[in-house]
Amino acid sequence: MASSVLAAIINFLFFLLLLSPSLSLAPPTSSLSTRHPPPPPAIKSTPPSPANSISTGFLSILHSTLNQIQQVSTIVSTFSGTFGGDLRLSSAISDCLDLLDFSSDELSWSLSSSGAATTAAVNFGTGDHRVDLRSWLSAALGNQDTCKESLSSTGSVLASLASSGLDTITSLLSQGIRQLPAGGGSGRRLVEGFPKWMAVADRRLLQAAAVAVDVTVAKDGSGNFTTVNAAVQAAPAESGRRFVIYVKRGVYVENVEIKKKKWNLMLVGDGMNETVISGSRNFVDGWTTFRSATFAVAGKGFIARDITFENTAGPSKHQAVALRSDSDLSVFYRCGIRGYQDTLYAHSLRQFYRDCRISGTVDFIFGNAAAVLQNCQIFSRLPLPDQKNTVTAQGRKDPNQNTGFVLQFCNITADADLAASGNSSGTQTYLGRPWKEYSQTAILQSYIGGSIRPEGWLPWNGDFALSTLNYAEYMNFGPGSGVAGRVKWPGYHVITSSAQAANFTVSQFIEGNLWLPSTGVKYTAGLVV
C-alpha cells in the first residue's frame, strides 16, 4: 500500500509540474473544516460585452477550460482506488471526479448552445442561450470549490497538490462568465402557467392525481423492484421522454444516486409521510458532506412528488445531507426533506421547490443553486447545546453568477422539538449566514415565526462578506418579521417598493418563466399585491 501511494504522489507531482511550473508545494497553513474557508480575494468584475453574440475569445476560454479539466481529472484519477482504507479521502476523490465531470458537461452544453460544438448541437436548456450559458457557467464555476472543500476536509497532502489546477479552472471560468452578454428572456409568457420547455405530457403528469408509471418499487415484492436504486438503474440513459418510477408507501433504507446521464426521471410516492427514503451517512463517520446525501440527483429534468428524503444521523454527527441536487430544471413538489445540519444541499443549477416541508438546524438549506422555494414549510429543529440554527447558507462566490435562494410565501418557524424546549435550550435561530463572499438570499411575503432572532442574520466569521453579500426582505409578516432590530450590514436591504422587490421574483431574479415548471397547483411568477 505504501509503495502504491508513493507512486501515485510522484505521478501526481509530475503531472502538476507539467501544468504549472510555478506550483508551490507548501502545505496549507491550517486544516479547513467543511464550509469554513478563509475569505476569498475580491473578484474584480468587468462589464459584460455589449454584443449579443458569443465572442471568439469566450469560446477560446471554454476550450482552454475543458482541456484543463481533462488534465486535472487525469491527475486526480491516478489516486482513485489508492486510498481505499480512508473513507473520507476516497469519498473526496470521487467527489472531485464527479464534479469535474459535471463541469465538463456544463461547458460542453455551453459550446453546443453557442453553435461551437464539434458534434450536432443539442438544446439541453430552456432555449434562451444567454440565460442557459450563465446558468451552466455559474454551476461549473462552483464545482471546483466543492472539490477543494472535500479534499481540505481530509487533511491529506492531496488537497494542496490539487489546488493549483483547480484554481486555474476557476480563474478561467471567472473570465468566461464576465464576458457573457447581459439580458435574458424574463418577459416570455407561460403557456397555461407552464414553461415553454416542458412537454405537454409532463404538464399532464404533474396535474394528474394518478400518473402512468413505467416501473413500481415495493418493499413487499408486489412491484417490479424492491429498492429504489434498482429501479433507477433500470431507467434508460439520456432519455428524451419522462420515465416514471412509482415508489409505494414504506421506508426504504438506502442511499440513492441518480447519475448525470439519467435524464427526465420522475419519482412519485404515496405521500410525504408515506414514502420515505432514509439514510444516515455523515461527516463524523468519515463521509464528505457532498457524499453524505441520502438522495443525490444529477440527471437533468428530475421531478419528485409526494415523497420524503431524510438523514437520520442526528445533530451530533454534524454535516449529514438528506437531499442533494445538481439537476438542471428540476422540481420537488410536496416533498419532505428532513435532517439536522445541512439537510438540503441545493448544490447547483436551476431548481424549484413547491409545497415542501424542510427541517434542520445548522445551514440546513445551503449550496449555490438558483433555487426558489415557494409555499414551503421551513422548520428549525433543536440543535446541539452549543449550536446556533441558521436556515440558509447560500454560497455564491462570484458576483456574475446568477445563483441565489428565494423563499416566497413560506412559513419559517420552530419545529415541535425546538418549540417544546421554549427558552430553556437557549437556542438562537437566524434566517441565514454568508457561506461565500457574494451570498445571495431574498425572503419575500413569508411568515417568520418568533423563534427568529431580532437581528435576523448571523455573520459567518467577523466581517467576512458583510459588504458583498446581498440579503433582502420584503413584506414578511409574523412575530419574527420586524426589521427594526435587523443587522446593519452594507449588503443587507429591507425592500419597501414593489418595483425593487420585483427583481427577486421568479420571473426576474431567476428567469423562472423560462424554466420554472408548474406543479399542477397555482404558482406565482411575480408578487402578490
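Residues numbered from 1 in each chain as written. Predicted model: local features only at pLDDT ≥ 70, side-chain atom pairs only at ≥ 80, totals over all residues. Heavy atoms only, no water.

1. Some details on the overall build of the protein chain
Of regular secondary structure, the protein chain possesses 11 helices and 24 strands. Carbon and sulfur atoms provide 53% of the accessible area of the protein chain, an area that totals close to 19900 Å². (Helix = DSSP H or I, 4+ residues; strand = E, 2+ residues; numbered from the N terminus. Areas by Shrake-Rupley, 256 points an atom, 1.4 Å probe, with all protein chains shown as cover.)

2. Quick look at the pattern of salt bridges
What the rule picks out here adds up to 25 salt bridges. For the salt bridge of arginine 291 with aspartate 98, the shortest nitrogen-to-oxygen distance reads 3.1 Å. Highlighted residues: arginine 291 in the loop between β6 (275-279) and β7 (295-297) and aspartate 98 in helix α3 (residues 87-113), separated in sequence by 193 residues. Among the residues examined, arginine 291 registers a relative accessible area of 10% and is labelled buried. Residue class for aspartate 98 comes out buried when judged on its relative accessible area of 19%. Because the salt bridges share partners, they merge into one network encompassing Asp95, Asp98, Glu257, Lys259 and Arg291. (Salt bridge = Lys/Arg side-chain N within 4 Å of Asp/Glu carboxyl O. Buried < 20%, exposed > 50% of the residue type's maximum accessible area, 1.4 Å probe, protein only.)

3. Observations concerning the UniProt feature "active site" (unreviewed entry) in the protein chain
Within this structure's numbering, the places UniProt gives as "active site" (unreviewed entry) are Asp363. Relative to the helices and strands, aspartate 363 is located in the loop between β13 (357-360) and β14 (365-367). (UniProt positions renumbered as here; feature names shortened; annotations may be inferred.)

4. Digging into helix α2 (residues 56-77)
The end-to-end C-alpha distance of α2, which contains 22 residues, comes to 32 Å, matching closely the 32 Å that a straight helix rising 1.5 Å per residue would cover. Within the sequence span of α2, burial applies to Phe58, Leu59, Ile61, Leu62, Thr65, Leu66, Gln68, Ile69, Val72, Ser73, Ile75 and Val76. (Expected span 1.5 Å × (residues − 1).)

5. Some thoughts on the nonpolar core
If you look at the biggest cluster of nonpolar residues, it comprises 54 residues, and the most contacted ones within it are Phe309 and Tyr353. Leu66, Leu133, Ala162 and Ile169 belong to the second-largest nonpolar core, a separate cluster that totals 43 residues. (Core = buried A, V, L, I, M, F, W, Y, C linked by side-chain atoms within 4.5 Å.)

6. Considerations on the environment of aspartate 128
Looking at the secondary structure, you find aspartate 128 in the loop between α3 and α4 (129-152). Counting along the chain gives 15 residues from aspartate 128 to serine 113, while the straight-line C-alpha distance between them is 9.2 Å.

7. A short note on the state of the cysteines
Within this structure, the stated rule accounts for one disulfide. Each sulfur of the disulfide joining cysteine 96 and cysteine 147 lies 2.0 Å from the other. Sign of the S-S torsion, about 100° for the bond between cysteine 96 and cysteine 147, identifies this disulfide as right-handed. Of this pair, cysteine 96 sits in helix α3 while cysteine 147 sits in helix α4; the two residues are 51 residues apart in sequence, bridging distant segments of the chain. (Disulfide = S-S within 2.5 Å.)

8. Observations regarding the side chain of aspartate 95
Among the secondary structure elements, aspartate 95 is positioned in helix α3. In terms of polar contacts, aspartate 95 uses its side chain to reach the side chain of arginine 291, at 2.9 Å. Excluding its chain neighbours within four sequence positions, the residues that come into contact with aspartate 95 are Ser150, Thr288, Phe290 and Arg291. (Polar contact = N/O pair within 3.5 Å; in protein donor to acceptor, adjacent residues only side chain to side chain. Contact = heavy atoms within 4.5 Å.)

9. A look at the sheet that holds strand β17 (residues 389-394)
Sheet architecture is open: seven strands sit in the order β4-β7-β9-β11-β14-β17-β20, paired in parallel fashion. Every other strand in the sheet has two partners, leaving β4 (256-258) and β20 (429-432) as the edge strands with one partner each. Looking at each pair of strands side by side, their axes are set apart by 15° on average, direction ignored. The sheet contact formed by β7 and strand β9 (residues 323-325) spans three bridges and is parallel. Bridge assignment links valine 297 to a residue of β9, and that residue is serine 325. (Pairing = 2+ DSSP bridges. Axes fitted to C-alpha atoms, helices over the stretch in contact; angles between N-to-C directions.)

10. Details of the side chain of aspartate 363
Here aspartate 363 falls in the buried class, since its relative accessible area comes to 0%. A distance of 2.8 Å separates polar atoms of two side chains, one belonging to aspartate 363 and the other to arginine 433.

11. Let's talk about the environment of glutamine 500
Relative to the helices and strands, glutamine 500 is located in helix α9 (residues 498-501). Between the C-alpha atom of glutamine 500 and that of tyrosine 474, which follows or precedes it by 26 residues, the distance is 9.5 Å.

12. Re α4
Helix length check: α4, at 24 residues, gives a terminal C-alpha distance of 35 Å against a target of 34 Å (1.5 Å per residue), a fit within 8%. Burial analysis of α4 places 21 of its 24 residues in the buried class, which makes it a mostly covered element.

13. Points about the packing of α4 against helix α5 (residues 158-178)
Following both chains from N to C, one finds α4 and α5 inclined at 165°, their axes separated by 10 Å at the closest point. Here α4 is positioned roughly antiparallel relative to α5, judged by the angle of their axes. Relative to α5, the crossing made by α4 is left-handed. Mapping the contact onto sequence places Arg134, Leu137, Ser138, Ala140, Leu141, Gln144, Cys147, Lys148, Leu151 and Ser152 in α4 and Leu158, Ala159, Ala162, Ser163, Leu166, Asp167, Ile169, Thr170, Leu173, Ser174, Gly176 and Ile177 in α5. When the residues that make up the contact of α4 with α5 are grouped by side-chain class, the tally is 12 nonpolar, seven polar and three charged. (Parallel < 35°, antiparallel > 145°, perpendicular 65-115°, else oblique. Left-handed = near helix turned anticlockwise from the far one by under 90°. Nonpolar A, V, L, I, M, F, W, Y, C, P; charged D, E, K, R; others polar.)

14. Side note on empty space enclosed by the protein
The full count for this structure, using the stated rule, is four cavities of 30 Å³ or more. Computed from the structure, the largest cavity encloses a volume of approximately 120 Å³. In terms of lining, the largest cavity is formed by 16 residues, of which the most central are Gly142, Thr146, His347, Asn368 and Gly395. Among the elements that line the lining of the largest cavity, the one with the most residues is α4, at seven residues. Classifying every residue of the lining of the largest cavity by side-chain character gives three nonpolar, nine polar and four charged. The residue makeup of the lining of the largest cavity includes at least three contributed by each of domain 1 (56-116 + 124-179) and domain 2 (213-519). (1 Å grid on protein atoms, 1.4 Å probe; cavity = no way out; pocket = protein on both sides within 12 Å on 5 of 7 lines; lining within 4 Å. Points joined across faces, edges and corners; volume = space filled by probe spheres on them. Domains from an automatic or database assignment.)

15. Focus on unusual backbone geometry
The phi dihedral of aspartate 355 is positive, around 55°, even though this residue is not glycine. A positive phi angle, close to 50°, is found at methionine 475, a residue other than glycine. Residue placement: methionine 475 occurs in the loop between β23 (470-474) and β24 (492-494).

16. Observations regarding the packing of α2 against α5
Where α2 contacts α5, the two axes come as close as 9 Å, and the packing angle between them is 165°. As summarised for this structure, α2 and α5 are arranged roughly antiparallel, according to the angle between their axes. Considering how the two elements wind past one another, α2 and α5 form a crossing that is left-handed. Contacts between α2 and α5 involve Phe58, Ile61, Ser64, Thr65, Gln68, Ile69 and Val72 on the former and, on the latter, Gly165, Leu166, Thr168, Ile169, Leu172, Leu173, Gln175 and Gly176. Its residues placed into classes, the contact of α2 with α5 shows eight nonpolar, seven polar and no charged.

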